[in-house]
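If you want the building blocks of each chain, they are given just below.
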Amino acid sequence: MKRLILLLAVASVASCIYPYTPELDSTGGRTIVIDGQIYVGGTSIVKLSYVQPITTLGSGAGAPNGTARIEGSDGSVYKPKSNTPVDVIYIPTEKAGYDNQYRLVVEAEGHVYVSDWIEPLKPPTITGVRFDADDDNVYVLASVKAGEDDTGFIGFTSEETWQFHSEFKVDIIISPGEWRYTNLAMLDYDYPYYWCWQTHSNNTLKPVDHRYLGGYTFENMLIQTFPRTSNRNHKKYSILVKASTLSEKAYSYNRHIQDQESSGSDLFTPTPGMMPGNIRCESDESRQVYGLVTAGGTATYRAWLDDRYYIAPKEDLGKLYFVSPDQYDYYYNTVNARPVKYVTIDGVFDVGWGAHRCINCIEAGGTQEKPDFWTYE
């Protein structure tokens, strides 16, 4: 990279699954994990999951469903828009302020779980977000000024949105039944499924300890990295960076899980006593529950990047194949393949066919509904 990156905030685990404990056998005991972020002036998020022994991973154990509410020390109560039990709960807390303490109350599987009362922390200020690149990757870098409730710890999340195109652009169509190829250039017709938008929310917290850096203003904190060949670089890319002030306990909790993942060891080795949370089962004090609930505001900053760093990967013609006339009906209607363009493969020149996901950006995970915040054509 051209400039010094002061801090690398490596990615943490994708879901909050607490380490396995000796008390939990592998035959049926399931301990609930509650991960909650109370966002002052925003939307709070509660995620429910289970502690699982290694032997049950991938067995479809699923996640518990429940309901939740947030209580304020002034008597205020914040509830989700729906009372339907789910494993990820969104609670509007736009009217919550910093002059109260808050706690989370969760009802799941016939039990009531409550967190400690938490005083919300005011967020840092994101003063800017910029992009840089080396020969292989693009880097998203943030400049941050610690807030008045600075603890020395900051947590980052982000939401990426980008406009991309399908892997291949269709030059040829075929008429079903007649099975006759037509070049789109002759029809003055633009293939409609080439461009889409895609969004990815990085809700896993990236904890940062900035105490050793000194001062209260920090530049070039690494928020996100992606290859220059990524479809994020096709046309226009936007990232909404979010930053919150963390308590030391919240930092340690998230860093502990992060370290377990990045070290390559399994997530079920440490005992829960090594990483205490702040939630308990009120209806049964002997019942185990793990997780952490935090409270505070979130600073946001949206940045935009064009295609200046894009390196187009070599077109993979190996994803295309030739279809003989007697196979047209089968490939078109059963395989859902489509003709793409004339290609030469292994010295043979013919029409290359491809899977729908290679030529249809919606099938590739995109949407053609333009985001409300998107200000570019």
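In what follows, the structure referred to is the one given above.
Residues numbered from 1 in each chain as written. Predicted model: local features only at pLDDT ≥ 70, side-chain atom pairs only at ≥ 80, totals over all residues. Heavy atoms only, no water.

Attention now goes to the sheet that holds strand 20 (residues 299-305). Backbone-to-backbone hydrogen bonds join strands into a sheet, with any given pair of strands oriented parallel or antiparallel. Ordered by their spatial adjacency, 4 strands build an open sheet running 14-11-16-20, and the pairing between neighbours is antiparallel. The outermost strands of the open sheet, each flanked by one partner alone, are strand 14 (195-209) and strand 20. The average undirected angle you get between the axes of adjacent strands in this sheet is 15 degrees. Where strand 11 (residues 153-165) meets strand 16 (residues 236-245), 10 bridges bridge the pair, whose relative direction is antiparallel. Counterpart to I154 in the pairing with strand 16 is T245. (Pairing = 2+ DSSP bridges. Helix = DSSP H or I, 4+ residues; strand = E, 2+ residues; numbered from the N terminus. Axes fitted to C-alpha atoms, helices over the stretch in contact; angles between N-to-C directions.)

For the rest of this paragraph, the subject is the packing of aromatic side chains. Summed over the entire model, instances satisfying the criterion amount to 17 aromatic pairs. With 6.0 Å between their ring centres and 50 degrees between their planes, W179 and Y328 make a pair best called tilted. Residue W179 is located in the loop between strand 12 (172-175) and strand 13 (180-183), and its partner Y328 is located in helix 3 (residues 328-334); the two are separated by 149 residues in the primary sequence. Classification of W179 by relative accessible area gives partly exposed; the value is 23%. Connected via pairs of aromatic rings, a cluster forms that spans W179, Y181, Y328, Y332 and W353. A cation over a ring is seen here: R30 above Y50, with NZ or CZ 4.3 Å from the ring centre. Over the ring of Y309 we find R308, and its NZ or CZ is 5.9 Å from the ring centre. (Phe/Tyr/Trp six-rings, centres within 6.5 Å; stacked < 30°, edge-to-face > 60°. Buried < 20%, exposed > 50% of the residue type's maximum accessible area, 1.4 Å probe, protein only. Lys NZ or Arg CZ within 6 Å of the ring centre and 35° of its normal.)

Glancing now at the layout of surface pockets. In this structure, the second largest pocket occupies an estimated 380 Å³ of space. In terms of lining, the second largest pocket is formed by 19 residues, of which the most central are H165, S166, E167, H234 and P313. Those elements giving two or more residues to the lining of the second largest pocket turn out to be strand 11 and helix 4 (356-359). For the lining of the second largest pocket, the class distribution of residues is 6 nonpolar, 7 polar and 6 charged. (1 Å grid on protein atoms, 1.4 Å probe; cavity = no way out; pocket = protein on both sides within 12 Å on 5 of 7 lines; lining within 4 Å. Points joined across faces, edges and corners; volume = space filled by probe spheres on them. Nonpolar A, V, L, I, M, F, W, Y, C, P; charged D, E, K, R; others polar.)

Once that is clear, we can look at the environment of L213. With respect to the element layout, L213 can be found in the loop between strand 14 and strand 15 (217-227). Using a relative accessible area of 29% as the deciding quantity, one classes L213 as partly exposed. Put simply, L213 and G152 are 61 residues apart on the chain and 9.6 Å apart in space, counted from C-alpha to C-alpha.

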